[in-house]
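# Structural overview
So the chains spell out like this:
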Amino acid sequence: MAVSASASAYVFKHDYQRPASLFSSRSRLSYKPFSASSNMNSFSISPSTSNGFSLSSSCFLHAHATACSFRFTRVSVHRCRRRCLCSHPHRSETVVVKYAMKAKTPSDRRRVVVTGMGVETPIGQNPDEFYNNLLEGVSGVTEIEAFDCSDYPTRIAGEIKSFSTDEWVAPKLSKRLDKFMLYMLTAGKKALVDGGLTEGRMEEIDKSRCGVLIGSGIGGMKVVSDSIEALRVSPRKMNPFCVPFASTNIGSSLLAIDLGWMGPTYSISTACATSNFCILNAANHIIDGDADMMLCGGSEAPIIPIGVGGFVACKALSERNSDPTKASRPWDSGRDGFVMGEGAGVLLVEELQHAKKRGANIYAEILGGSFSSDAYHMTNPHPEGAGVILCMEKALSQSRVSREDVNYINAHATSTPAGDIKEYLAITHCFGQNQELRVNSTKSMIGHLLGAAGAVEAVATIQAIRTGWVHPNVNLDDPDKDVDINLLVGKKKERLDIKVAMSSSFGFGGHNSSILFAPFS
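The numbering scheme is per chain: residues are counted from 1 as the chain's sequence reads. Thresholds applied to this predicted model are a pLDDT of at least 70 for local features of residues and 80 or more for the giving and counting of side-chain atom pairs; totals over whole chains, interfaces and linings are not thresholded and use all residues. With hydrogens and water stripped out, all remaining heavy atoms of the structure feed into the side-chain values.

### Concerning the overall build of the protein
When its secondary structure is counted, the protein shows 15 helices and 25 strands. Out of the 521 residues belonging to the protein, those deemed buried represent 54%. Note on definitions: a residue-residue contact is assigned when non-hydrogen atoms from the two residues lie within 4.5 Å. Considering only contacts in the protein between residues 6 or more positions apart, those separated by 24 or more positions represent 74%. Note on areas: these come from Shrake-Rupley sampling with a 1.4 Å probe, and a residue is covered only by the protein chains present in the view. Carbon and sulfur atoms make up 52% of the accessible area of the protein, which totals about 22400 Å². Every helix listed is a DSSP run of H or I at least four residues long, and every strand listed is a run of E at least two residues long, numbered separately from the N terminus. Exposure classes here rest on a 1.4 Å probe applied to the protein chains alone. A residue is buried below 20% of its type maximum, exposed above 50%, and partly exposed in between.

Shown next as structure tokens:
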């Protein structure tokens, strides 16, 4: 069995006094794996270095099914007493090298379930209101009211018209924070309440094993914009919190501080794929045993002059200003760009036994997922959809899910001329023989929430699993000639007994992500 040559090496300080110099940037280690037998592998390590030492050894790792355990080996280090390349006598020392390779078999892998959900969206501030509106085909795309955009070629967005932080965020903090953080904090706390973690129940959990991983694609743009305007007057007029309040990680940090959660807490920013990256990494923390419970998802508040103006400059937005509810139309031949949206989605994900022990209501199970990179262009999709296909195929293989079992996909489909078709072709490449498959796009009703899109669409996917209904593709009046209408959900909601659902998100930079959800059993 071949073993990856990218195993990392750790040097223990008690065995070697100068570990930093051992693996410095000037050391060049080459790992040469070869097959020893059906259940063993050998590594030989041949460094070429400017620090005057050499390593030689082999490490045998026993393979069990698809996983490998790890081994320690002592290796001889011949180090020059002087920091040079020379031929004079050397002294020998011993170090211990650990080749770190995850040891997980299907039977002992920790299962991850979703036990709470929270949203802030243009068509609902709780999961049920949000999904009921989706099922009825209610659009949240309207004329922008947050600022005067009369001179902009695009004057529409999926804007949240009514939002309150009362009972969720302290008034003083509410006045200071960027709105993307406020959406994040309220949606996160709503997910906790939805998951049955009231203040009293919070004291019963081990907070050292709970973390927060909620990201944003662009972060606190309003704070940055306001600070620039203040700077034009004087540096003294700037908000002293402008740097932390603009950073994408501080929202997760503030939520963790408020809850006292001491587990893995950070953010990820991968443009419009941000939420899925956060959800999958949160699940991986649970699978790897780093945490028992995580709040994860994404938040975005880009409906401000610089946010809308930036995407206008990219020529990426729809200009169907006269009929806002018809502007976002994935896979329709009349689509002319995406519609910006704002909001947040947060999932409470949990290790299965931990959830059962506290009597949590389990909404769905996260079977797994995957990431990939197009490695092609900063904004354009790969012409053959290679990165998206790779991502979907890896998600299936790593989760051990048959493509025939996936009968629902909540697609990324943003209503752009190129992106919709490339994703559709990738879907048909991976699932074309599945006659039961149904595909829709939540963005047809709420627009594109950028870094928050994946989390809000994950909530929609889980709600589809729970209710047995998939929402319509509104505005699909004249399907593109390259799509098969029989694969897409029509303009009315449809009944569907979901076996496995996939939710995909892709972002600028060629970031691809797919997550597989299923009913819990």
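### Regarding the packing of helix α4 (residues 179–194) against helix α8 (residues 250–259)
Here an axis means a line fitted to C-alpha atoms, over the contact stretch when the element is a helix, while the angle between two N-to-C directions is reported on a 0 to 180 degree scale. Contact geometry of α4 with α8 gives a least axis separation of 9 Å together with a crossing angle of 40°. With respect to α8, the element α4 is oriented oblique. The crossing of α4 and α8 is right-handed. Touching Met181, Met184, Leu185, Gly188, Lys189 and Leu192 of α4 are Ile250, Gly251, Ser252, Leu254, Leu255, Asp258 and Leu259, all from α8. Roughly parallel covers angles under 35 degrees, roughly antiparallel covers those over 145, roughly perpendicular covers 65 to 115, and oblique covers all other angles. Crossing handedness is read from the near helix: turned anticlockwise from the far helix by less than a right angle, it gives a left-handed crossing, and turned clockwise, a right-handed one.

### Digging into helix α10 (residues 305–313)
For α10, the set of buried residues is Gly307, Val308 and Phe311. Along the long axis of α10, the arc covered by the buried residues comes to 90°, so they all point the same way. Those residues of α10 hidden inside the fold are in contact with α6 (221–233). Downstream of α10 by a residue or two, Lys315 has a phi angle that is positive, lying close to 55°. For this quantity, the arc is that covered by the directions from the helix axis to the C-beta atoms.

### Quick notes on the packing of aromatic side chains
Only the six-membered ring of Trp is used, alongside the rings of Phe and Tyr, when aromatic pairs are assigned; centres must lie within 6.5 Å, and planes under 30 degrees apart are stacked while those over 60 apart are edge-to-face, with the rest tilted. Scanning the entire structure with this criterion turns up six aromatic pairs. A ring pair is formed by Phe311 and Phe508, whose centres lie 6.5 Å apart and whose planes are at 45°; its orientation type is tilted. Placement of the pair is Phe311 in helix α10 and Phe508 in the loop between β24 (500–507) and β25 (511–518), with a sequence separation of 197 residues. With a relative accessible area of 14%, Phe311 lands in the buried category. By way of ring pairs, the aromatic residues Phe311, Phe338 and Phe508 are connected into one cluster. In this structure, Lys493 is placed above the aromatic ring of Trp469, and the distance from its NZ or CZ to the ring centre is 4.7 Å. Two thresholds decide whether a charge sits over a ring: the Lys NZ or Arg CZ must be within 6 Å of the ring centre and within 35 degrees of the ring normal.

### A closer look at helix α2 (residues 127–135)
Taken residue by residue, α2 has Pro127, Phe130, Tyr131, Leu134 and Leu135 as its buried positions. Down the axis, α2 shows its buried residues gathered within 130° of arc, on one side only. Its side-chain oxygen 3.1 Å from the backbone nitrogen of Asp128, Asn126 forms the N-cap of α2. Directly beyond the C-terminal end of α2, a positive phi value near 75° is found at Gly137. As used in this structure description, the phrase polar contact means that two N or O atoms lie within 3.5 Å; if the pair is within protein, one of them must be able to donate a hydrogen and the other to accept it, and residues adjacent in sequence are counted only when both atoms belong to side chains.

### Some thoughts on the pairing of strand β20 (residues 406–410)
Counting buried positions along β20 yields five of five residues, so the element is predominantly enclosed. Two strands qualify as a pair provided that DSSP identifies no fewer than 2 bridges between them. Where β20 meets β24, four bridges bridge the pair, whose relative direction is parallel. Looking at β24, one finds that Val406 is bridged to Val500. Note that β20 and strand β21 (residues 438–440) share three bridges and pair parallel. Each bridged residue has a counterpart across the sheet, and for Ile409 the counterpart in β21 is Val439. Viewed along the sheet, the connection from β20 through helix α13 (residues 417–431) into β21 turns out right-handed. Handedness of a crossover is defined as follows: with both strands directed away from the viewer, a clockwise route from the first strand across the helix to the second makes it right-handed.

### A short note on the pairing of strand β12 (residues 112–120)
A large share of β12 lies buried, amounting to nine of its nine residues. In terms of strand pairing, β12 meets strand β18 (residues 343–351) through eight bridges, oriented antiparallel. The residue of β18 that forms the bridge with Val112 is Glu351.

### Describing the sheet that holds strand β16 (residues 265–266)
Taken together, 10 strands build an open sheet; the order of strands is β16-β15-β17-β18-β12-β19-β25-β24-β20-β21 and the sheet is mixed. The sheet terminates laterally at β16 and β21, the two strands that pair on one side only. Bridge count for β12 against strand β19 (residues 364–373) is three bridges, and the pairing is antiparallel. Bridging across to β19, Val112 finds its partner in Ile366.

### Here we look at unusual backbone geometry
Peptide bonds are trans in most cases, and residues, glycine excluded, mostly fall at negative phi. Residue Lys315 is not a glycine yet carries a positive backbone phi of 55°. Among the secondary structure elements, Lys315 is positioned in the loop between α10 and β18. Phi at Arg400 takes a positive value of approximately 55°, unusual for a residue other than glycine. Looking at the element boundaries, Arg400 is found in the loop between α12 (386–399) and β20.

### Section: the nonpolar core
In terms of nonpolar packing, the biggest core is built from 50 residues, with Val114, Phe130, Leu347, Val349 and Phe517 touching the most fellow members. Considering every element that reaches this core, the biggest residue donor is helix α15 (residues 453–467), with nine residues. Among all residues touching Leu347, those that are not within four sequence positions of it are Val114, Gly116, Met117, Ile279, Met294, Leu295, Cys296, Ala458, Val459, Ile462 and Phe517. Joining through side-chain atoms within 4.5 Å is the link that ties buried Ala, Val, Leu, Ile, Met, Phe, Trp, Tyr and Cys residues into a set, and such a set is a nonpolar core. Counting residues in hydrophobic clusters, the runner-up holds 33 residues, among them Ala246, Ile250, Leu259 and Leu295.

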